[in-house]
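# Chain and residue survey
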Amino acid sequence: MAVNNQQTKRNKSVSLILFGIIFLSTTLGSISALTMAPTCPLKFFYNFYNIFQDGISAILTRFFIIHLAYSYQFVYPCLVAMMCGIFIFEFSEFLTRYQKRLDYLYVTAKRCPSVLLESNDRDKMRDDIRLHARLFETMRQLQDAISLICFAFICNQAITLFCFLSDYMLTEDKDLSIPKICENIFIIVSVPSSLFGISFCASGIRERHEKLQSTLSLLIDTLLEDHESFAGVILSLNNMRKKPFPVLSAGDIADMSPKFMISLIGTIFTYGLLILNLK
């Protein structure tokens, strides 16, 4: 029952985030299309350079093209981040459940180690050892599946941030229009939130893995008091402890952690301002 409630809450959270992305894109895109000044250079671009004159056809064309541009520039990267974040978060939930099983074994071994020698508990321990191997393999497959995707996503968001910074620094106050403000708002909201969202999901796996390693160490220390009876189990647990899960990375280049995302954004702003101020 509790698992179903948690799944329902996660589904609601995902739906709310998805609705927020689409609502923000639709609202800001509509405002941009309706408030674009006649002399705005972007108007000629969105109207295919005066192929469509002013009127309903021009407004509808501009409305469609702006939403299309918002979709592939901003919405699609956010959806990619959300998809990868869901995969990572679901795997971290598996680790949480596995952690609870190991906690139960540790508590049992600490209170009454002889109980673990019974056939039922021995079978459960073997199942837990096999499950660790499956989780390790699943983690490797997850890393292989999303590594390049996350690398492309981070590169795209970094370029978007640099272009936003360049455009903001080089745009004079008199040239600042409502469509440009709407675009900047979307970038400020979507890019950092998507970067930090996926990094926090990835860091959750690392935290759970560290707890898992700690529980394994405590369990091994407890069973060592009667090492003759648990020799095979201790050997298996040692092998589990020596086999750490792969660290989620973007293309085996960047570690997907909040610290890296902060340093990435800081580097873009620091060196971006330096480059833009060079004469």
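Criteria and thresholds
Every chain's residues receive numbers from 1 upward, in the order its sequence appears when written. pLDDT decides what is reported in this predicted model: residues at 70 or higher carry local features, side-chain atom pairs at 80 or more are listed and counted, and totals for whole chains, interfaces and linings draw on all residues regardless. Note that the side-chain values use all heavy atoms of the structure and ignore hydrogens as well as water. Where helices and strands are cited, they refer to DSSP runs of H or I of at least four residues and of E of at least two residues respectively, numbered from the N terminus. Between buried and exposed lies partly exposed: a residue is buried under 20% and exposed over 50% of the maximum accessible area for its type, with that area taken using a 1.4 Å probe on protein chains only. Two residues form a contact once any of their heavy atoms are found within 4.5 Å. Surface accessibility in these figures is a Shrake-Rupley result with a 1.4 Å probe; residues are shielded only by whichever protein chains are displayed. UniProt positions are given in the numbering used here, feature names are shortened, and annotations may be inferred rather than shown by experiment. Definition used for salt bridges: Asp or Glu carboxyl oxygen within 4 Å of a side-chain nitrogen of Lys or Arg. The axes used here are C-alpha line fits, helices contributing only the stretch in contact, and every angle between their N-to-C directions lies in the interval 0 to 180 degrees. In these notes the angle categories are as follows: under 35 degrees is roughly parallel, over 145 is roughly antiparallel, 65 to 115 is roughly perpendicular, and the rest is oblique. Note on convention: near helix rotated counterclockwise from far helix by under a right angle means a left-handed crossing. Clockwise means right-handed. In this count, Pro and Cys sit with the nonpolar residues alongside Ala, Val, Leu, Ile, Met, Phe, Trp and Tyr, while Asp, Glu, Lys and Arg are called charged and the others, Gly among them, polar. The arc in question is traced by the directions running from the helix axis to the C-beta atoms. Patch membership requires more than 30% relative accessible area and the absence of a salt bridge. Residues of like charge join within 9 Å; the nonpolar side chains Val, Leu, Ile, Met, Phe, Trp and Tyr join within 5 Å. Definition of nonpolar core: a set of buried residues of the types Ala, Val, Leu, Ile, Met, Phe, Trp, Tyr and Cys, connected through side-chain atoms within 4.5 Å. Two rings from Phe, Tyr or Trp (for Trp, the six-membered ring) form a pair when their centres are within 6.5 Å of each other. A pair whose planes differ by under 30 degrees is stacked, one over 60 is edge-to-face, and the rest are tilted.

Within an unreviewed UniProt entry, the label attached to the protein reads Gustatory receptor, and the organism entered is Argiope bruennichi.

Bringing the overall build of the protein into the picture now. For the protein, the helix and strand inventory stands at seven helices and two strands. Each helix (α) and strand (β) of the protein, taken in turn from the N terminus, gives the series α-α-α-α-α-α-β-β-α. Within the protein, the proportion of its 279 residues that are buried is 39%. Taking all contacts inside the protein whose residues are at least 6 apart in sequence as the whole, residues at least 24 apart take part in 81%. When the accessible surface of the protein is totalled, it reaches about 16,300 Å², and 65% of it is carbon and sulfur.

For the rest of this paragraph, the subject is the UniProt feature "transmembrane region" (unreviewed entry) in the protein. Within this numbering scheme, the UniProt entry marks residues 16–36, 74–92, 145–165, 185–205 and 260–278 as carrying the feature "transmembrane region" (unreviewed entry). Span residues 185–205 is 100% helix and 0% strand, its end C-alpha atoms 31 Å apart.

Considering the arrangement of structural elements, one finds Ile 66 in helix H3 (residues 56–111). On the basis of relative accessibility, which here comes to 1%, the residue Ile 66 falls in the buried class. Between the alpha carbons of Ile 66 and Gly 29 there is a distance of 6.0 Å; along the sequence they are 37 residues apart.

Here the structure, examined in full by the defined rule, presents three salt bridges. Residue Arg 208 is joined to Glu 93 by a salt bridge in which the shortest nitrogen-to-oxygen separation is 4.0 Å. Of this pair, Arg 208 sits in helix H5 (residues 178–223) while Glu 93 is found in helix H3, placing the two residues 115 residues apart along the sequence. Judged by its relative accessible area of 10%, Glu 93 falls in the buried class. Notably, a salt bridge pairs Arg 130 with Asp 127, separated by 2.9 Å at the nearest N-O pair. With Arg 130 and Asp 127 both in helix H4 (residues 119–170) and three residues apart, this pair spans about one turn of that helix.

Pairs of packed helices are described in terms of their axes, by the angle between the two and the distance that separates them. With their axes 10 Å apart at the nearest point, H5 and helix H6 (residues 231–241) run at an angle of 160° to one another. Relative to H6, the element H5 is oriented roughly antiparallel. Note that H5 runs across H6; the crossing there is left-handed. In contact with Gln 213, Leu 216, Ser 217, Leu 219, Ile 220 and Leu 223 of H5, H6 contributes Val 233, Ile 234, Leu 237, Asn 238, Met 240 and Arg 241. Among the residues forming the contact of H5 with H6, the class breakdown is eight nonpolar, three polar and one charged.

A few words on H6. Each α-helix winds once per 3.6 residues, and so residues spaced three or four apart point in a common direction. Buried within H6 we find Val 233, Ile 234, Leu 237, Asn 238 and Met 240. For H6, the angular spread of the buried residues around the axis is 155°, confining them to a single face.

Next up on the list: a nonpolar patch on the surface. Together, Leu 176, Ile 181, Ile 185, Ile 188 and Val 189 give the surface a local cluster of nonpolar side chains, amounting to about 390 Å² of exposed area. By the element assignment, Ile 185 lies in helix H5.

By size, the foremost hydrophobic cluster in this structure holds 59 residues, and its most contacted members are Leu 223 and Met 256. Looking at this core, the elements that each hand over two or more residues are helix H1 (2–35), H3, H4, H5, H6 and helix H7 (258–276). When residues in this core are grouped by element, the largest group, 16 residues, is from H3.

Time to look at the environment of Ser 190. Relative to the assigned elements, Ser 190 resides in helix H5. Not counting chain neighbours up to four residues away, the residues in contact with Ser 190 comprise Phe 74, Cys 78 and Gln 157.

So, on to the packing of aromatic side chains. Overall, the coordinates contain five aromatic pairs when judged by the stated rule. Ring geometry for Phe 19 against Phe 23: centres 5.8 Å apart, planes inclined by 20°, an arrangement best described as stacked. In this pair, Phe 19 and Phe 23 are both assigned in helix H1, four residues apart and thus about one turn of the helix distant. For the pair shown, Phe 19 and Phe 23 are each scored as exposed. Between Tyr 70 and Phe 74 the ring centres are 5.5 Å apart and the planes differ by 85°, which places this aromatic pair in the edge-to-face class.

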